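One-letter residues, chain by chain:
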Amino acid sequence: MQKIGVFVCHCGSNIAATVDVKKVAKMALKEPGVCHAEDYPYMCSEAGQSRIAAAIAEKGLTGIVVCSCSPRMHEATFRKAAERCGLNPYMVEIANLREHCSWIHKDMEEATEKAVILMRAAVAKVHLNTPLQAGESAVTKRALVIGGGIAGIQTAIDIADAGYKVDIVEKTPSIGGRMSQLDKTFPTLDCSACILTPKMVEAAAHENITIHTYSEVEKVSGFVGNFTVDIRKKARMVDMTKCTGCGVCQEKCPSRKTANEFNRGLNTRSAIYTPFAQAIPNVPVIDTESCIKFKTGKCGVCAAVCQAGAIDYKQQDEIITETYGAIVVATGFDTIKLDKYGEYAYGQSKDVITSLELERIMNAAGPTKGHLERLSDGKAPKEIVFIQCVGSRCSDDRGKPYCSKICCMYTAKHAMLIRDKYPDVNVTVFYIDVRTPGKNFDEFYRRAVEDYGVNYVKGQVGKVAPQPDGSLLVQGVDLLDNKQILKKADMVVLATAIEPNPDARKIATMLTASIDTNNFLTEAHPKLRPVESPTAGVFLSGVCQGPKDIPETVAQAGAAAVKVIGLLAKDKLKTNPCTAQADELLCNGCSTCANVCPYGAITYEVRLVNDHGIREERRVASVNSALCQGCGACTVACPSGAMDLQGFSNRQIIAEVDAICR
Amino acid sequence: MPVNQNNEEFRPVIVAFCCNWCSYAGADLAGSSRLSYPADVKIIRVPCSCRVNPMFILRAFEKGADGVILCGCHPGDCHYSTGNYYARRRMTLLFSMLDFIGVENGRTRVEWVSAAEGVKFSETMNSFVAKIRSLGKNVRLGDLRCKN
Ligand SMILES: Cc1cc2nc3c(=O)[nH]c(=O)nc-3n(C[C@H](O)[C@H](O)[C@H](O)COP(=O)(O)OP(=O)(O)OC[C@H]3O[C@@H](n4cnc5c(N)ncnc54)[C@H](O)[C@@H]3O)c2cc1C
Ligand code: SF4
Ligand code: SF4
Ligand code: FES
């Protein structure tokens, strides 16, 4: 039997004015196991706490109930007070007599009656409390960033600046992400490479950052503070330590017919290539699917011309294993495929392009060397139509239900840049709404309309029809004038919806991080924890979490870094002891619990179980208390009643129910 | 045959399970905003709505509760991401089963109350208590249990 002390707080007059605190204390003494009860004006004060301490010492209390304000206020205070007296902090329960009683009731008798019941429920619970020990786990002071776009680069630099080691794993041959494909950037129109390249160089030169390009995360195990990750470094066929980045191999390579991914397939590249001039690292890779040497065995030109002797056709993929304290996902996005949008004639006419393709066309290093020209005949367009929201804000399953957020702004940017460089080109933009919230954003859009004479038409385009003369007939409606529009254009640009990188789901599964129906990674709390995933130790940076422009991406990247730094600054993590535990005698190893656990905290092991003298090997559930967040979903799902939650056990909650319904 | 119809004098026993992160905090806010609701409501704090085992609710009715309400975070806002979805499904099943054995649907309720919704918490409790008062004393599970 426990020896329980009950401490009733007046909270000045906050509680005492409506609840007869003396009566609550008196009634407490009638409860089984209660061997001490008192009331005091301010239990949370120094003096109040020392009364608790004195009672614990004198009466040898094994559990205490404080009848006071909400546990959300002072549970921590009273737990600490108990701990100082050598009582396990989890032997403390709070009865909420203020927020849940005195403040909402007027009638003293009624409020006192309720207060007694709340006190009884807490006493009934504390009878079943068991001392709990917060576990400790060590923190590996190294972070992993998956994805080397601007989000990943910024997060890595911020973490590294704080003095922690960071590894970036980037799938493609270079870091930089989508931003490296952009020409100019809104809202200032500065050149993308000019602001990105210094960041890439900074990351590469940072003593605390290690970059693994052409690499992918293959396996993740462990938990917050202590993840073990296998990284596959794909064979480049070029020795990173020898290559000087001279580029001779790429010039001499006879295989030149592969679609250039960096230019969105608008031109071709050699089999040995670096994706773009500023690539980091500036070391090419051999695309073995296009390489003649790999296909037929006959070639080897690159090895012959490489002065540094860096070409190594025998290179193999390498798997490295590292441990990390925190993982940041920054896998970014891609534009959606347009095969379900036949009406826009994308794929049918070379002059219907996506906005990202236009970025490459406008770029001096792009397929047209920066000249605005039609891809079909190389002629300069005179009439350009932009169509916004292609695949965004879509109610059917062809597109995405969400707003891609960046398209209104980049379309205004494109329209403005074209009007600026080619004043004789007419630009028309079809839009559903123009959404420009953001610092200097609406001003930017208005400049496009007012200063650059871009013709904005509110309405949707029903069809783009390629004409025999090579032009494109755009059929749309003007919703404001309520009339049909037929427009002949030389070029049509589709502001295509963005979607998370297709790898997001795979990565989320590996990390047991959750993902929404659109494949964006989910944040731990949509308002209060926007850069953390629900899985402890996994953080989110950039567009993988939701559509964003560069300023927002960079801000979020910094926020994610701060969270990582906060984690890595700790030597040890205290784990929440209110975790689930399976009773090995009751568990039948059915896996139901593991299926509902949002954190992947439950695994199975074969254990030698002694069931009333019968010793046998059984498959039983085992909860990793470092991963378990204590939600209790598994406890209810368990068909055998084997799973229970410490601190909120079945028996404890039933005891409270019984006390209330008594 | 319903008993105690519209009996103002009748003081029901009502158990409210509130998740720690949203609804319990919503109840705290109702308190600090002095938004009253009947003292018949007694709150039990649980980490998440998904911690509420149907067994707890059956137990409450067996022990004489007249109504049980479960409050959690709004869909999509659960601190543990998905807990309230589990709770919603479990309770749908449980409540229809309870209705079948005579514990009317009005005696059970699931409500989403965020930490910012003190007003909603108090309104919910007021309307729930009014409903239970109109239904009168619950005798069903108490009667059904094996008394030896
Ligand atoms: C047409 C267009 C124009 C735009 N114009 C502007 C503009 O003017 N101003 C502006 O502010 N924003 C603009 N944006 C938005 C901008 O591109 C994004 O905000 C920014 O690129 C987001 O960066 P990120 O790092 O989150 O994603 P990304 O740039 O997509 O980077 C993600 C990186 O992760 C890598 N990766 C993916 N999966 C894996 C994996 N499994 N393992 C390892 N690595 C992986 C990718 O290869 C990539 O390098 C524009 C976007 C588009 C489409
Ligand atoms: S209590 Fe929640 S987090 Fe812990 S093991 Fe069970 S389902 Fe997973
Ligand atoms: S649900 Fe219960 S019985 Fe099944 S594996 Fe989990 S703990 Fe064991
Ligand atoms: S934490 Fe509130 S419902 Fe899950």
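What this report covers is the structure whose coordinates are included nearby.

Quick notes on the rules
Residues numbered from 1 in each chain as written. Chains lettered and ligands numbered in written order. Predicted model: local features only at pLDDT ≥ 70, side-chain atom pairs only at ≥ 80, totals over all residues. Heavy atoms only, no water. Pairing = 2+ DSSP bridges. Helix = DSSP H or I, 4+ residues; strand = E, 2+ residues; numbered from the N terminus. Axes fitted to C-alpha atoms, helices over the stretch in contact; angles between N-to-C directions. Contact = heavy atoms within 4.5 Å. Buried < 20%, exposed > 50% of the residue type's maximum accessible area, 1.4 Å probe, protein only. Buried area = accessible area lost by both parts, 1.4 Å probe. Polar contact = N/O pair within 3.5 Å; in protein donor to acceptor, adjacent residues only side chain to side chain. Nonpolar A, V, L, I, M, F, W, Y, C, P; charged D, E, K, R; others polar.

**Describing the sheet that holds strand β2 (residues 34-40) of chain A**
Residues and elements named next belong to chain A.
Piece 1. Spatial ordering of the open sheet is given by β2-β1-β3-β4, a layout of four strands whose pairing is parallel. Only two strands of the sheet have a single neighbouring strand rather than two, namely β2 and β4 (92-96). Taking the axes of each pair of neighbouring strands and ignoring which way they run, one obtains an average angle of 15° across the sheet.
Piece 2. As paired strands, strand β1 (residues 4-9) and β2 are joined by six bridges and run parallel to one another. By the bridge assignment, V6 is partnered in β2 with A37.
Piece 3. Packing against the sheet, helix α2 (residues 46-59) makes contact with β1, β2 and β3 (63-68), and its axis sits at approximately 165° to β2.
Piece 4. Packed on one face of the sheet, helix α5 (residues 108-127) meets β1, β2, β3 and β4 and runs near 165° to β4.

**What about the pairing of strand β3 (residues 67-72) of chain B?**
All names here are of chain B.
Piece 1. Buried residues dominate β3, accounting for six of its six residues.
Piece 2. Of the two faces of β3, the one lined by G67, I69 and C71 and the one lined by V68, L70 and G72 are each fully buried.
Piece 3. In the sheet, strand β1 (residues 14-19) pairs with β3 via five bridges, with the strands oriented parallel. Opposite F17, over in β3, you have L70 as the bridge partner.

**Looking at the interface of chain B and chain A**
Piece 1. Between chain B and chain A, the residue contacts involve 46 residues of the former and 46 residues of the latter.
Piece 2. Note on chain B versus chain A: buried area summed over both sides is about 3800 Å², and carbon and sulfur give 60% of it.
Piece 3. Counting the surface chain B buries against chain A, the share from its top three residues, K42, R45 and R51 of chain B, is 17%.
Piece 4. Linking chain B with chain A are 16 residue pairs in polar contact (both at pLDDT 80 or more), by the criterion used here.
Piece 5. Looking at the side of chain B that touches chain A, the element that brings in the most residues is helix α1 (residues 23-32) of chain B, giving seven residues.
Piece 6. Classifying every residue of the side of chain B that touches chain A by side-chain character gives 27 nonpolar, nine polar and 10 charged.

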